[in-house]
Amino acid sequence: MKSLLSARPTLWFLFLFNLVAAAVAPFVVDGAQGVATGVGMGAVPLGAGSALHPAPGGRDCPELPGSARRGSWF
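Residues numbered from 1 in each chain as written. Predicted model: local features only at pLDDT ≥ 70, side-chain atom pairs only at ≥ 80, totals over all residues. Heavy atoms only, no water.

Within the secondary structure, Asn18 sits in helix H2 (residues 8–28). For Asn18, a relative accessible area of 10% corresponds to the buried category. Setting aside residues up to four positions removed in sequence, Asn18 forms contacts with Phe13, Met41, Val44 and Pro45. (Helix = DSSP H or I, 4+ residues; strand = E, 2+ residues; numbered from the N terminus. Buried < 20%, exposed > 50% of the residue type's maximum accessible area, 1.4 Å probe, protein only. Contact = heavy atoms within 4.5 Å.)

With that out of the way, let us pick up the packing of aromatic side chains. Counting across every chain of the model gives 2 aromatic pairs. On the numbers, 5.4 Å between centres and 15 degrees between planes, the contact of Phe13 with Phe17 is stacked. Taken together, the residues span about one helical turn, with Phe13 and Phe17 both in helix H2 at a distance of 4 residues. (Phe/Tyr/Trp six-rings, centres within 6.5 Å; stacked < 30°, edge-to-face > 60°.)

Before going further, it helps to examine a nonpolar patch on the surface. On the surface, Val20, Val24, Phe27 and Val28 cluster together into a nonpolar patch covering about 440 Å² of accessible area. Take Val28: it is sitting in helix H2. On the basis of relative accessible area, Val28 is assigned to the exposed category, the value being 59%. (Patch = residues over 30% accessible without salt bridge, like charges linked within 9 Å, V, L, I, M, F, W, Y side chains within 5 Å. Areas by Shrake-Rupley, 256 points an atom, 1.4 Å probe, with all protein chains shown as cover. Salt bridge = Lys/Arg side-chain N within 4 Å of Asp/Glu carboxyl O.)

Here the focus is the packing of H2 against helix H3 (residues 31–52). Close contact between H2 and H3 brings their axes to 8 Å; oriented N to C, the two are set at 155 degrees. Of the possible angle classes, the one that applies to H2 and H3 is roughly antiparallel. Between H2 and H3 the crossing geometry is left-handed. Contacts between H2 and H3 involve Arg8, Leu11, Trp12, Leu14, Phe15, Asn18, Leu19, Ala21, Ala22, Ala25 and Pro26 from the former and Gly34, Thr37, Gly38, Met41, Gly42, Val44, Pro45, Ala48, Gly49, Ala51 and Leu52 from the latter. Residue composition of the contact of H2 with H3, by class: 15 nonpolar, 6 polar and 1 charged. (Axes fitted to C-alpha atoms, helices over the stretch in contact; angles between N-to-C directions. Parallel < 35°, antiparallel > 145°, perpendicular 65-115°, else oblique. Left-handed = near helix turned anticlockwise from the far one by under 90°. Nonpolar A, V, L, I, M, F, W, Y, C, P; charged D, E, K, R; others polar.)

Turning our eyes to something else, we now look at the environment of Gly40. Along the chain, Gly40 falls in helix H3. Given the relative accessible area of 43%, Gly40 is considered partly exposed.

Turning to the confidence of the model for the protein, a few remarks are in order. Across the protein, the average pLDDT comes to 78, with 73% of residues at 70 or higher. At the low end of the mean pLDDT range in the protein sits helix H1 (residues 2–5), at 76; at the high end sits H2, at 90. (pLDDT = per-residue confidence, 0-100.)

Taking 1.5 Å per residue, 21 residues should reach 30 Å; H2 reaches 30 Å between its end C-alpha atoms and fits that length. Ala22 marks the point of greatest bend in H2, at about 25 degrees, and the proline Pro26 comes within the next four residues. Turning to H2, its buried residues are Thr10, Leu11, Asn18, Ala21, Ala22 and Ala25. Residues of H2 that are buried in the fold lie against H1 and H3. (Expected span 1.5 Å × (residues − 1). Bend = angle between axes of the 7 residues up to and from the residue.)

Structural data, given as structure tokens:
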């Protein structure tokens, strides 16, 4: 399950789908419940987006010298 959730296509799906759902939720659900749903669902794209973005100087940056390369970006 960990390899499925850390796969780049899965992270892109989580990022885009939940970003759209968080943006639409306050318009579909009325009142404070819609706002709370939008804020709560907004946490998922933040986590998925941070996992998609490689850390500077980390092992996901093959262009920096001394970083541990995995062979590809996938």
